[in-house]
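Remarks on the overall topology
Below are the chains, spelled out letter by letter.
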There are 2 protein chains.
Amino acid sequence: MMKNLPHKTIERLSQYRRALLICLEKGQTHIYSHEIAKIQHITAVQVRRDLMLIGYTGTLRKGYNVKDLIDLIGNIIDSTEGINVAILGMGNLGRALINYFAGKRSQLKIVAGFDINPDKIGNTMSGVPCFSSEDMNRIIREKNIKVGIMTVPAEFATSTAEQLVKAGIRGILNYTPKPVTVPDSVYLEEYDMITSLEKVAFFVKINED
Amino acid sequence: MMKNLPHKTIERLSQYRRALLICLEKGQTHIYSHEIAKIQHITAVQVRRDLMLIGYTGTLRKGYNVKDLIDLIGNIIDSTEGINVAILGMGNLGRALINYFAGKRSQLKIVAGFDINPDKIGNTMSGVPCFSSEDMNRIIREKNIKVGIMTVPAEFATSTAEQLVKAGIRGILNYTPKPVTVPDSVYLEEYDMITSLEKVAFFVKINED
DNA sequence: GCGGTTTTGTTAATAATTTCACATTTTCTG
DNA sequence: CAGAAAATGTGAAATTATTAACAAAACCGC
(Lines give C-alpha, C1' and ligand atoms only; values in the text may rest on other atoms or scores of the structure.)
Protein backbone atom coordinates (compact mmCIF):
# COMPACT_ATOMS: atom_id res chain seq x y z
CA MET A 1 0.00 0.00 0.00
CA MET A 2 1.21 3.44 -0.99
CA LYS A 3 4.23 1.86 -2.64
CA ASN A 4 3.68 3.66 -5.88
CA LEU A 5 4.12 7.19 -4.68
CA PRO A 6 6.54 9.14 -6.84
CA HIS A 7 9.94 9.77 -5.25
CA LYS A 8 9.41 13.48 -5.50
CA THR A 9 6.13 13.22 -3.65
CA ILE A 10 7.80 11.34 -0.80
CA GLU A 11 10.34 14.12 -0.44
CA ARG A 12 7.68 16.77 -0.46
CA LEU A 13 5.53 14.96 2.07
CA SER A 14 8.44 14.97 4.47
CA GLN A 15 8.82 18.69 3.92
CA TYR A 16 5.12 19.37 4.26
CA ARG A 17 5.16 17.59 7.57
CA ARG A 18 7.97 19.70 8.94
CA ALA A 19 6.20 22.88 7.87
CA LEU A 20 2.97 21.57 9.39
CA LEU A 21 4.66 20.77 12.68
CA ILE A 22 5.74 24.38 12.94
CA CYS A 23 2.16 25.48 12.27
CA LEU A 24 0.88 23.09 14.88
CA GLU A 25 3.23 24.53 17.48
CA LYS A 26 1.93 27.97 16.68
CA GLY A 27 -1.58 26.72 17.35
CA GLN A 28 -2.75 26.84 13.75
CA THR A 29 -5.46 24.23 13.18
CA HIS A 30 -6.06 24.56 9.44
CA ILE A 31 -3.95 25.44 6.42
CA TYR A 32 -4.63 26.08 2.72
CA SER A 33 -2.77 24.42 -0.11
CA HIS A 34 -1.43 27.75 -1.26
CA GLU A 35 0.03 28.42 2.19
CA ILE A 36 1.92 25.16 2.20
CA ALA A 37 2.98 25.87 -1.37
CA LYS A 38 4.42 29.25 -0.50
CA ILE A 39 6.58 27.85 2.29
CA GLN A 40 8.00 25.18 -0.01
CA HIS A 41 8.32 27.43 -3.07
CA ILE A 42 6.05 25.27 -5.18
CA THR A 43 2.55 25.64 -6.59
CA ALA A 44 -0.69 25.02 -4.76
CA VAL A 45 -1.73 22.52 -7.40
CA GLN A 46 1.36 20.50 -6.69
CA VAL A 47 0.44 20.35 -3.02
CA ARG A 48 -3.13 19.34 -3.76
CA ARG A 49 -1.99 16.67 -6.18
CA ASP A 50 0.41 15.18 -3.62
CA LEU A 51 -2.33 15.09 -1.01
CA MET A 52 -4.68 13.55 -3.53
CA LEU A 53 -2.14 10.78 -4.08
CA ILE A 54 -2.13 9.90 -0.41
CA GLY A 55 -5.90 10.12 -0.29
CA TYR A 56 -6.23 13.05 2.04
CA THR A 57 -9.29 15.20 1.64
CA GLY A 58 -9.43 18.71 2.97
CA THR A 59 -12.39 20.84 3.77
CA LEU A 60 -13.65 23.22 1.16
CA ARG A 61 -13.01 26.80 2.20
CA LYS A 62 -11.24 25.73 5.39
CA GLY A 63 -8.34 23.89 3.85
CA TYR A 64 -6.53 21.01 5.51
CA ASN A 65 -6.57 20.03 9.15
CA VAL A 66 -2.98 20.41 10.30
CA LYS A 67 -3.05 17.71 12.95
CA ASP A 68 -4.79 15.13 10.77
CA LEU A 69 -2.48 15.73 7.88
CA ILE A 70 0.61 15.36 10.04
CA ASP A 71 -0.74 12.05 11.29
CA LEU A 72 -1.59 10.80 7.82
CA ILE A 73 1.84 11.70 6.44
CA GLY A 74 3.31 9.87 9.41
CA ASN A 75 1.25 6.79 8.58
CA ILE A 76 2.55 6.85 5.05
CA ILE A 77 6.23 7.55 5.46
CA ASP A 78 7.02 6.35 8.94
CA SER A 79 7.65 2.78 9.87
CA THR A 80 5.36 1.60 12.65
CA GLU A 81 8.11 0.25 14.88
CA GLY A 82 10.54 3.04 14.05
CA ILE A 83 13.87 2.60 12.31
CA ASN A 84 17.28 2.60 13.96
CA VAL A 85 20.02 4.57 12.31
CA ALA A 86 23.82 4.64 12.62
CA ILE A 87 26.27 7.41 11.79
CA LEU A 88 29.47 6.24 10.15
CA GLY A 89 32.20 8.73 10.97
CA MET A 90 31.86 10.97 13.99
CA GLY A 91 33.59 13.99 12.45
CA ASN A 92 32.05 17.41 12.10
CA LEU A 93 29.38 16.26 9.70
CA GLY A 94 28.44 13.22 11.75
CA ARG A 95 28.11 15.31 14.88
CA ALA A 96 26.14 17.95 13.00
CA LEU A 97 23.62 15.32 12.00
CA ILE A 98 23.34 13.99 15.54
CA ASN A 99 22.68 17.43 16.95
CA TYR A 100 20.24 18.06 14.18
CA PHE A 101 18.20 15.07 15.22
CA ALA A 102 18.61 15.43 18.95
CA GLY A 103 15.30 16.22 20.56
CA LYS A 104 13.34 15.80 17.34
CA ARG A 105 10.44 13.48 17.83
CA SER A 106 10.85 11.03 15.04
CA GLN A 107 10.47 7.42 14.18
CA LEU A 108 14.11 7.61 13.19
CA LYS A 109 16.49 7.08 16.06
CA ILE A 110 20.23 7.48 15.79
CA VAL A 111 21.34 4.74 18.11
CA ALA A 112 25.04 4.39 17.31
CA GLY A 113 28.03 6.19 15.87
CA PHE A 114 31.19 4.59 14.55
CA ASP A 115 34.70 5.93 14.19
CA ILE A 116 38.29 4.72 14.08
CA ASN A 117 39.65 7.44 16.37
CA PRO A 118 40.37 5.84 19.78
CA ASP A 119 39.72 9.18 21.50
CA LYS A 120 36.13 9.10 20.33
CA ILE A 121 35.38 5.41 20.83
CA GLY A 122 33.58 4.77 24.09
CA ASN A 123 32.34 8.34 24.41
CA THR A 124 28.80 9.55 24.02
CA MET A 125 27.93 12.54 21.88
CA SER A 126 24.54 14.14 22.31
CA GLY A 127 23.31 10.86 23.68
CA VAL A 128 24.74 8.72 20.89
CA PRO A 129 27.43 6.19 21.88
CA CYS A 130 30.49 5.95 19.64
CA PHE A 131 31.77 2.48 18.80
CA SER A 132 34.85 1.22 17.02
CA SER A 133 34.35 0.62 13.31
CA GLU A 134 35.73 -2.85 13.92
CA ASP A 135 32.61 -3.72 15.88
CA MET A 136 30.28 -2.50 13.18
CA ASN A 137 28.97 -5.89 12.18
CA ARG A 138 28.12 -6.93 15.72
CA ILE A 139 26.59 -3.64 16.87
CA ILE A 140 24.46 -3.19 13.76
CA ARG A 141 22.95 -6.62 14.25
CA GLU A 142 22.56 -6.28 18.01
CA LYS A 143 20.88 -2.90 17.80
CA ASN A 144 18.79 -3.81 14.76
CA ILE A 145 20.13 -0.87 12.77
CA LYS A 146 18.53 -0.60 9.35
CA VAL A 147 19.97 2.61 7.91
CA GLY A 148 23.52 3.98 7.85
CA ILE A 149 24.55 7.57 7.20
CA MET A 150 28.05 7.75 5.78
CA THR A 151 30.03 10.78 6.87
CA VAL A 152 33.51 9.28 6.69
CA PRO A 153 36.35 10.77 4.64
CA ALA A 154 36.13 9.90 0.95
CA GLU A 155 38.96 7.39 1.09
CA PHE A 156 36.98 5.22 3.50
CA ALA A 157 33.71 5.40 1.59
CA THR A 158 34.06 2.18 -0.36
CA SER A 159 35.22 0.03 2.54
CA THR A 160 32.61 1.46 4.89
CA ALA A 161 29.84 0.72 2.42
CA GLU A 162 31.11 -2.84 2.08
CA GLN A 163 31.12 -3.29 5.84
CA LEU A 164 27.60 -1.95 6.10
CA VAL A 165 26.33 -4.29 3.42
CA LYS A 166 27.98 -7.25 5.11
CA ALA A 167 26.35 -6.26 8.38
CA GLY A 168 22.97 -6.47 6.69
CA ILE A 169 22.10 -2.79 6.44
CA ARG A 170 18.99 -2.00 4.41
CA GLY A 171 19.57 1.61 3.41
CA ILE A 172 22.55 3.94 3.04
CA LEU A 173 22.65 7.71 2.86
CA ASN A 174 26.07 8.60 1.49
CA TYR A 175 27.35 12.09 2.26
CA THR A 176 30.90 11.42 1.14
CA PRO A 177 31.91 12.81 -2.25
CA LYS A 178 32.78 9.30 -3.38
CA PRO A 179 29.96 7.32 -5.03
CA VAL A 180 29.68 3.77 -3.71
CA THR A 181 28.11 0.63 -5.12
CA VAL A 182 25.78 -1.63 -3.20
CA PRO A 183 23.52 -4.58 -4.07
CA ASP A 184 20.03 -3.81 -5.34
CA SER A 185 18.58 -4.99 -2.06
CA VAL A 186 20.11 -2.00 -0.29
CA TYR A 187 18.50 1.36 -0.94
CA LEU A 188 21.15 3.96 -1.69
CA GLU A 189 20.84 7.71 -1.68
CA GLU A 190 23.88 9.84 -2.45
CA TYR A 191 24.21 13.52 -1.80
CA ASP A 192 27.19 15.63 -2.64
CA MET A 193 27.49 19.07 -1.10
CA ILE A 194 30.00 20.22 -3.66
CA THR A 195 27.57 19.49 -6.46
CA SER A 196 24.91 21.59 -4.76
CA LEU A 197 27.30 24.47 -4.32
CA GLU A 198 28.50 24.23 -7.90
CA LYS A 199 24.91 24.26 -9.03
CA VAL A 200 24.17 27.43 -7.08
CA ALA A 201 27.33 29.01 -8.44
CA PHE A 202 26.33 28.06 -11.98
CA PHE A 203 22.94 29.71 -11.75
CA VAL A 204 24.46 32.77 -10.12
CA LYS A 205 26.86 32.96 -13.03
CA ILE A 206 24.25 32.68 -15.76
CA ASN A 207 21.95 35.15 -14.02
CA GLU A 208 24.66 37.77 -14.24
CA ASP A 209 24.13 37.89 -18.05
CA MET B 1 25.28 30.42 -24.08
CA MET B 2 24.62 27.11 -22.37
CA LYS B 3 21.87 28.71 -20.33
CA ASN B 4 19.33 26.14 -21.30
CA LEU B 5 20.92 23.10 -19.79
CA PRO B 6 18.49 21.10 -17.66
CA HIS B 7 19.08 21.41 -13.93
CA LYS B 8 19.64 17.71 -13.68
CA THR B 9 22.30 17.87 -16.34
CA ILE B 10 24.14 20.57 -14.42
CA GLU B 11 24.18 18.38 -11.34
CA ARG B 12 25.42 15.41 -13.26
CA LEU B 13 28.15 17.40 -15.00
CA SER B 14 29.50 18.39 -11.61
CA GLN B 15 29.49 14.75 -10.59
CA TYR B 16 31.09 13.60 -13.81
CA ARG B 17 33.86 16.06 -13.24
CA ARG B 18 34.62 14.77 -9.80
CA ALA B 19 34.73 11.20 -11.06
CA LEU B 20 36.93 12.32 -13.95
CA LEU B 21 39.34 14.10 -11.64
CA ILE B 22 39.87 10.86 -9.76
CA CYS B 23 40.53 9.09 -13.07
CA LEU B 24 42.97 11.79 -14.08
CA GLU B 25 44.91 11.36 -10.85
CA LYS B 26 45.17 7.66 -11.54
CA GLY B 27 46.70 8.48 -14.91
CA GLN B 28 43.71 7.36 -16.97
CA THR B 29 43.57 9.34 -20.23
CA HIS B 30 40.31 8.07 -21.72
CA ILE B 31 36.98 6.86 -20.40
CA TYR B 32 33.85 5.30 -21.91
CA SER B 33 30.35 6.54 -21.31
CA HIS B 34 29.44 3.29 -19.62
CA GLU B 35 32.31 3.63 -17.18
CA ILE B 36 31.15 7.07 -16.11
CA ALA B 37 27.62 5.74 -15.94
CA LYS B 38 28.55 2.91 -13.64
CA ILE B 39 30.23 5.23 -11.15
CA GLN B 40 27.18 7.48 -11.03
CA HIS B 41 24.59 4.67 -11.06
CA ILE B 42 22.98 5.92 -14.24
CA THR B 43 22.84 4.70 -17.84
CA ALA B 44 25.47 5.21 -20.51
CA VAL B 45 22.87 6.84 -22.75
CA GLN B 46 22.24 9.43 -20.09
CA VAL B 47 25.92 10.28 -19.98
CA ARG B 48 26.17 10.53 -23.74
CA ARG B 49 23.11 12.71 -23.88
CA ASP B 50 24.47 15.09 -21.27
CA LEU B 51 27.74 15.37 -23.15
CA MET B 52 25.86 15.91 -26.38
CA LEU B 53 24.06 18.83 -24.74
CA ILE B 54 27.35 20.51 -23.91
CA GLY B 55 28.68 19.77 -27.37
CA TYR B 56 31.46 17.44 -26.39
CA THR B 57 32.43 14.83 -28.91
CA GLY B 58 34.34 11.72 -27.93
CA THR B 59 36.39 9.40 -30.04
CA LEU B 60 34.76 6.33 -31.45
CA ARG B 61 36.13 3.22 -29.77
CA LYS B 62 38.38 5.25 -27.45
CA GLY B 63 35.71 7.10 -25.54
CA TYR B 64 36.18 10.52 -24.01
CA ASN B 65 39.42 12.29 -23.27
CA VAL B 66 39.45 12.74 -19.52
CA LYS B 67 41.49 15.91 -19.45
CA ASP B 68 39.56 17.62 -22.24
CA LEU B 69 36.22 16.75 -20.73
CA ILE B 70 37.21 18.08 -17.32
CA ASP B 71 38.22 21.33 -18.98
CA LEU B 72 35.03 21.61 -20.98
CA ILE B 73 32.82 20.97 -17.96
CA GLY B 74 34.84 23.63 -16.17
CA ASN B 75 34.17 26.06 -19.00
CA ILE B 76 30.47 25.41 -18.73
CA ILE B 77 29.84 25.41 -15.02
CA ASP B 78 32.66 27.47 -13.58
CA SER B 79 32.77 31.21 -13.53
CA THR B 80 35.89 32.60 -15.18
CA GLU B 81 36.92 34.79 -12.29
CA GLY B 82 35.85 32.32 -9.63
CA ILE B 83 33.14 32.89 -7.06
CA ASN B 84 33.64 33.78 -3.42
CA VAL B 85 31.55 31.96 -0.87
CA ALA B 86 30.69 32.56 2.78
CA ILE B 87 29.59 30.11 5.46
CA LEU B 88 26.88 31.39 7.76
CA GLY B 89 27.21 29.61 11.07
CA MET B 90 30.51 28.04 12.07
CA GLY B 91 29.03 25.10 13.92
CA ASN B 92 29.70 21.46 13.14
CA LEU B 93 28.09 21.62 9.73
CA GLY B 94 29.83 24.85 8.75
CA ARG B 95 33.19 23.47 9.74
CA ALA B 96 32.46 20.19 7.96
CA LEU B 97 31.88 22.10 4.75
CA ILE B 98 35.05 24.11 5.15
CA ASN B 99 37.15 21.00 5.68
CA TYR B 100 35.41 19.39 2.78
CA PHE B 101 36.52 22.19 0.49
CA ALA B 102 39.96 22.72 1.98
CA GLY B 103 42.63 21.81 -0.53
CA LYS B 104 40.13 21.20 -3.33
CA ARG B 105 41.13 23.10 -6.41
CA SER B 106 37.99 24.88 -7.34
CA GLN B 107 36.69 28.13 -8.70
CA LEU B 108 34.70 28.28 -5.52
CA LYS B 109 36.56 29.80 -2.62
CA ILE B 110 35.21 29.94 0.91
CA VAL B 111 36.62 33.27 1.97
CA ALA B 112 34.67 34.01 5.15
CA GLY B 113 32.68 32.45 7.94
CA PHE B 114 30.21 34.22 10.21
CA ASP B 115 29.02 33.40 13.69
CA ILE B 116 27.61 35.11 16.76
CA ASN B 117 29.77 33.20 19.25
CA PRO B 118 32.49 35.60 20.52
CA ASP B 119 34.85 32.66 21.09
CA LYS B 120 34.84 31.92 17.39
CA ILE B 121 34.95 35.45 16.01
CA GLY B 122 38.47 36.49 15.08
CA ASN B 123 39.72 32.92 14.78
CA THR B 124 40.64 31.11 11.61
CA MET B 125 39.37 27.60 10.85
CA SER B 126 41.09 25.62 8.13
CA GLY B 127 42.23 28.90 6.66
CA VAL B 128 38.82 30.58 6.78
CA PRO B 129 38.51 33.65 9.02
CA CYS B 130 35.44 33.89 11.22
CA PHE B 131 33.69 37.26 11.45
CA SER B 132 30.87 38.58 13.57
CA SER B 133 27.45 38.27 11.97
CA GLU B 134 27.03 41.96 12.68
CA ASP B 135 29.70 42.73 10.10
CA MET B 136 28.06 40.59 7.44
CA ASN B 137 26.99 43.42 5.20
CA ARG B 138 30.41 45.07 5.15
CA ILE B 139 32.48 41.90 4.74
CA ILE B 140 30.30 40.45 1.98
CA ARG B 141 30.67 43.61 -0.03
CA GLU B 142 34.38 44.05 0.71
CA LYS B 143 35.25 40.49 -0.22
CA ASN B 144 32.87 40.36 -3.19
CA ILE B 145 31.07 37.31 -1.83
CA LYS B 146 28.41 36.05 -4.21
CA VAL B 147 27.13 32.88 -2.54
CA GLY B 148 26.21 32.11 1.06
CA ILE B 149 25.85 28.68 2.63
CA MET B 150 23.47 28.76 5.56
CA THR B 151 24.37 26.39 8.37
CA VAL B 152 22.89 28.36 11.25
CA PRO B 153 20.32 26.92 13.67
CA ALA B 154 16.78 26.91 12.28
CA GLU B 155 15.64 29.81 14.44
CA PHE B 156 18.16 32.12 12.75
CA ALA B 157 17.41 31.00 9.20
CA THR B 158 14.96 33.74 8.30
CA SER B 159 16.97 36.63 9.72
CA THR B 160 20.21 35.35 8.23
CA ALA B 161 18.64 35.08 4.79
CA GLU B 162 17.36 38.63 5.11
CA GLN B 163 20.80 39.89 6.06
CA LEU B 164 22.34 38.09 3.12
CA VAL B 165 19.86 39.54 0.69
CA LYS B 166 20.46 43.03 2.05
CA ALA B 167 24.18 42.54 1.64
CA GLY B 168 23.61 41.83 -2.05
CA ILE B 169 24.23 38.09 -2.12
CA ARG B 170 23.41 36.38 -5.44
CA GLY B 171 22.88 32.78 -4.37
CA ILE B 172 21.98 30.94 -1.18
CA LEU B 173 22.40 27.29 -0.30
CA ASN B 174 20.19 26.68 2.72
CA TYR B 175 21.09 23.69 4.90
CA THR B 176 18.83 24.68 7.76
CA PRO B 177 15.57 22.76 8.09
CA LYS B 178 13.67 26.03 7.82
CA PRO B 179 12.68 27.11 4.29
CA VAL B 180 13.42 30.76 3.61
CA THR B 181 12.08 33.23 1.08
CA VAL B 182 14.24 35.46 -1.08
CA PRO B 183 13.66 37.75 -4.06
CA ASP B 184 13.69 36.16 -7.51
CA SER B 185 17.01 37.79 -8.23
CA VAL B 186 18.68 35.54 -5.66
CA TYR B 187 19.10 31.90 -6.61
CA LEU B 188 18.00 29.66 -3.77
CA GLU B 189 18.71 25.99 -3.24
CA GLU B 190 17.39 24.27 -0.14
CA TYR B 191 18.49 20.92 1.15
CA ASP B 192 17.12 19.18 4.17
CA MET B 193 19.02 16.27 5.64
CA ILE B 194 16.01 15.00 7.52
CA THR B 195 14.03 14.71 4.31
CA SER B 196 16.79 12.62 2.76
CA LEU B 197 16.92 10.35 5.75
CA GLU B 198 13.16 9.99 5.85
CA LYS B 199 13.20 9.11 2.19
CA VAL B 200 15.77 6.37 2.71
CA ALA B 201 13.78 5.06 5.67
CA PHE B 202 10.61 5.05 3.57
CA PHE B 203 12.13 2.97 0.81
CA VAL B 204 13.69 0.64 3.33
CA LYS B 205 10.26 0.20 4.85
CA ILE B 206 8.46 -0.55 1.61
CA ASN B 207 11.19 -2.92 0.46
CA GLU B 208 10.58 -5.05 3.51
CA ASP B 209 7.24 -6.09 2.01
C1' DG C 1 41.32 -6.15 -46.08
C1' DC C 2 36.97 -8.40 -44.43
C1' DG C 3 33.60 -9.63 -41.01
C1' DG C 4 32.56 -9.05 -36.35
C1' DT C 5 32.56 -6.17 -32.29
C1' DT C 6 32.45 -2.03 -29.77
C1' DT C 7 31.39 2.55 -29.03
C1' DT C 8 29.61 7.12 -30.09
C1' DG C 9 25.83 10.36 -31.44
C1' DT C 10 21.14 11.13 -32.20
C1' DT C 11 16.24 10.58 -33.49
C1' DA C 12 12.20 8.75 -31.90
C1' DA C 13 9.54 6.78 -28.24
C1' DT C 14 8.31 6.39 -23.56
C1' DA C 15 7.85 7.65 -18.86
C1' DA C 16 7.61 10.83 -15.12
C1' DT C 17 6.30 15.16 -13.39
C1' DT C 18 4.07 19.44 -13.41
C1' DT C 19 0.68 22.67 -14.80
C1' DC C 20 -3.73 24.07 -16.83
C1' DA C 21 -8.44 24.44 -16.72
C1' DC C 22 -12.51 23.94 -14.70
C1' DA C 23 -16.45 21.67 -12.16
C1' DT C 24 -17.91 21.71 -7.53
C1' DT C 25 -18.72 23.22 -2.99
C1' DT C 26 -18.69 26.43 0.72
C1' DT C 27 -18.74 30.84 2.65
C1' DC C 28 -19.40 35.68 2.59
C1' DT C 29 -21.76 40.08 1.36
C1' DG C 30 -25.18 43.01 0.37
C1' DC D 1 -31.33 34.65 -0.81
C1' DA D 2 -28.72 35.58 -5.07
C1' DG D 3 -24.35 36.51 -6.73
C1' DA D 4 -19.43 36.80 -6.00
C1' DA D 5 -15.34 34.92 -4.13
C1' DA D 6 -12.36 31.38 -2.53
C1' DA D 7 -11.04 26.83 -2.02
C1' DT D 8 -10.60 21.82 -3.20
C1' DG D 9 -10.15 17.80 -6.41
C1' DT D 10 -9.02 16.04 -10.77
C1' DG D 11 -9.01 14.81 -16.01
C1' DA D 12 -6.39 16.42 -19.69
C1' DA D 13 -2.52 18.82 -21.63
C1' DA D 14 2.08 20.26 -21.49
C1' DT D 15 6.55 19.90 -20.15
C1' DT D 16 10.69 17.65 -18.67
C1' DA D 17 13.54 13.71 -18.29
C1' DT D 18 14.90 9.11 -19.50
C1' DT D 19 15.39 5.12 -22.37
C1' DA D 20 15.22 2.51 -26.69
C1' DA D 21 16.89 1.80 -31.11
C1' DC D 22 19.95 2.11 -34.49
C1' DA D 23 23.20 4.24 -38.09
C1' DA D 24 27.95 5.20 -38.54
C1' DA D 25 32.63 4.90 -37.52
C1' DA D 26 36.79 2.67 -35.58
C1' DC D 27 39.33 -1.13 -34.27
C1' DC D 28 40.53 -6.15 -33.85
C1' DG D 29 41.66 -10.76 -35.31
C1' DC D 30 42.58 -13.54 -38.75
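Quick note: structure is the one above.
Presented here is a report on the structure given in the accompanying data block. (Residues numbered from 1 in each chain as written. Chains lettered and ligands numbered in written order. Predicted model: local features only at pLDDT ≥ 70, side-chain atom pairs only at ≥ 80, totals over all residues. Heavy atoms only, no water.)

1. Remarks on the interface of chain A and chain B
Taken together, the 69 residues of chain A in the interface contact 69 residues of chain B. Between chain A and chain B lies a buried interface of about 6500 Å² when both sides are counted; carbon and sulfur atoms form 64% of it. In this structure, the salt-bridge partner of E208 of chain B is R170 of chain A, at a minimum N-O distance of 3.2 Å. There are 30 residue pairs in polar contact (both at pLDDT 80 or more) connecting chain A and chain B. The leading source of residues in the side of chain A that touches chain B is helix α8 (residues 193-207) of chain A, at 15 residues. A per-class count over the side of chain A that touches chain B returns 34 nonpolar, 15 polar and 20 charged. (Contact = heavy atoms within 4.5 Å. Buried area = accessible area lost by both parts, 1.4 Å probe. Salt bridge = Lys/Arg side-chain N within 4 Å of Asp/Glu carboxyl O. Polar contact = N/O pair within 3.5 Å; in protein donor to acceptor, adjacent residues only side chain to side chain. Helix = DSSP H or I, 4+ residues; strand = E, 2+ residues; numbered from the N terminus. Nonpolar A, V, L, I, M, F, W, Y, C, P; charged D, E, K, R; others polar.)

2. Description of the protein's contact with DNA strand C
Around DNA strand C, 22 residues are found, and the nearest of them are S33, R49, G58, L60 and R61 of chain B. Here a base oxygen of DNA strand C sits 2.5 Å away from a polar atom, N or O, in the side chain of R49 of chain B. Between a phosphate oxygen of DNA strand C and a side-chain N or O atom of Y64 of chain B, the distance comes to 3.0 Å. Breaking the surface near DNA strand C down by element, the ones donating at least two residues are α1 (7-25) and α3 (44-53) of chain A together with α2 (33-40) and α3 (44-53) of chain B. Grouping the amino acids of the surface near DNA strand C by side-chain chemistry returns seven nonpolar, eight polar and seven charged. (Near = heavy atom within 4 Å.)

3. A look at the pattern of salt bridges
As enumerated under the stated definition, the model contains 24 salt bridges over all chains in all. Ionic pairing is found between D192 of chain A and R18 of chain B, a salt bridge with its closest N-O pair at 1.7 Å. You can see D192 of chain A sitting in the loop between β9 (187-190) and α8 and its partner R18 of chain B sitting in helix α1 (residues 7-25), one on each of two chains. Look at D192 of chain A and you get buried, because its relative accessible area is 9%. Between K199 of chain A and E11 of chain B there is a salt bridge, with the nearest N and O atoms lying 2.6 Å from each other. Pair noted here: K199 of chain A is in helix α8 and E11 of chain B is in helix α1, and the two residues belong to different chains. Look at K199 of chain A and you get buried, because its relative accessible area is 7%. Residue E11 of chain B is classed as partly exposed on the basis of its relative accessible area, which comes to 24%. The structure contains a network of salt bridges with shared partners spanning E11 and E189 of chain A together with K199 of chain B. (Buried < 20%, exposed > 50% of the residue type's maximum accessible area, 1.4 Å probe, protein only.)

4. Considerations on the relation of the copies chain A and chain B
Rotating chain A by 180 degrees and moving it 0.0 Å along the rotation axis overlays it on chain B with an RMSD of 0.1 Å. Within this description, the copies of the chain are treated as partners about a two-fold rotation axis. Relative to the rotation axis, the C-alpha of N92 of chain A is the closest in chain A, positioned 2.4 Å from it. Interface overlap between copies: 100% of the residues of chain A at the interface are likewise at the interface in chain B, consistent with a symmetric, same-surface contact. (Least-squares fit on C-alpha atoms with pLDDT ≥ 70 in both.)

5. Points about the sheet that holds strand β5 (residues 124-125) of chain A
Residues and elements named next belong to chain A. Across the sheet, which stays open at both edges, the seven strands sit in the order β5-β6-β4-β3-β7-β8-β9 with mixed pairing between neighbours. Every other strand in the sheet has two partners, leaving β5 and β9 as the edge strands with one partner each. Across five bridges, the pairing between strand β3 (residues 83-88) and strand β7 (residues 145-150) is parallel. Paired with I87 across the two strands is I149, which belongs to β7. The sheet contacts of helix α7 (residues 157-166) involve β3, β7 and β8 (171-174), and relative to β7 the element is tilted by about 180 degrees. (Pairing = 2+ DSSP bridges. Axes fitted to C-alpha atoms, helices over the stretch in contact; angles between N-to-C directions.)

6. Some remarks on the environment of F203 of chain B
Here F203 of chain B shows up in helix α8 (residues 193-207). Residue F203 of chain B is classed as buried on the basis of its relative accessible area, which comes to 6%. Dropping the residues within four chain positions of it, F203 of chain B is found in contact with H7, I10 and Y187 of chain A.

7. Here's the deal with unusual backbone geometry
A negative phi angle is the norm for most residues apart from glycine, just as the trans form is the norm for most peptide bonds. In the Ramachandran plot, R61 of chain A falls in the positive-phi region, its phi being about 75 degrees despite a non-glycine side chain. Residue position: R61 of chain A is located in the loop between α3 and β2 (64-65). Its relative accessible area of 76% is what places R61 of chain A among the exposed residues. The backbone of S126 of chain B sits at a positive phi, close to 50 degrees, despite the residue not being glycine. Here S126 of chain B is to be found in the loop between β5 (124-125) and β6 (128-132).

8. Description of the packing of helix α4 (residues 66-77) of chain A against α8 of chain B
Their axes nearest at 9 Å, the elements α4 of chain A and α8 of chain B cross at an angle of 55 degrees. By the criterion of interaxial angle, the relationship of α4 of chain A to α8 of chain B is oblique. Residue-level inspection shows N75, I76 and I77 of chain A of α4 of chain A in contact with α8 of chain B, the latter providing E198, F202 and K205 of chain B. Split into classes, the residues belonging to the contact of α4 of chain A with α8 of chain B amount to three nonpolar, one polar and two charged. (Parallel < 35°, antiparallel > 145°, perpendicular 65-115°, else oblique.)

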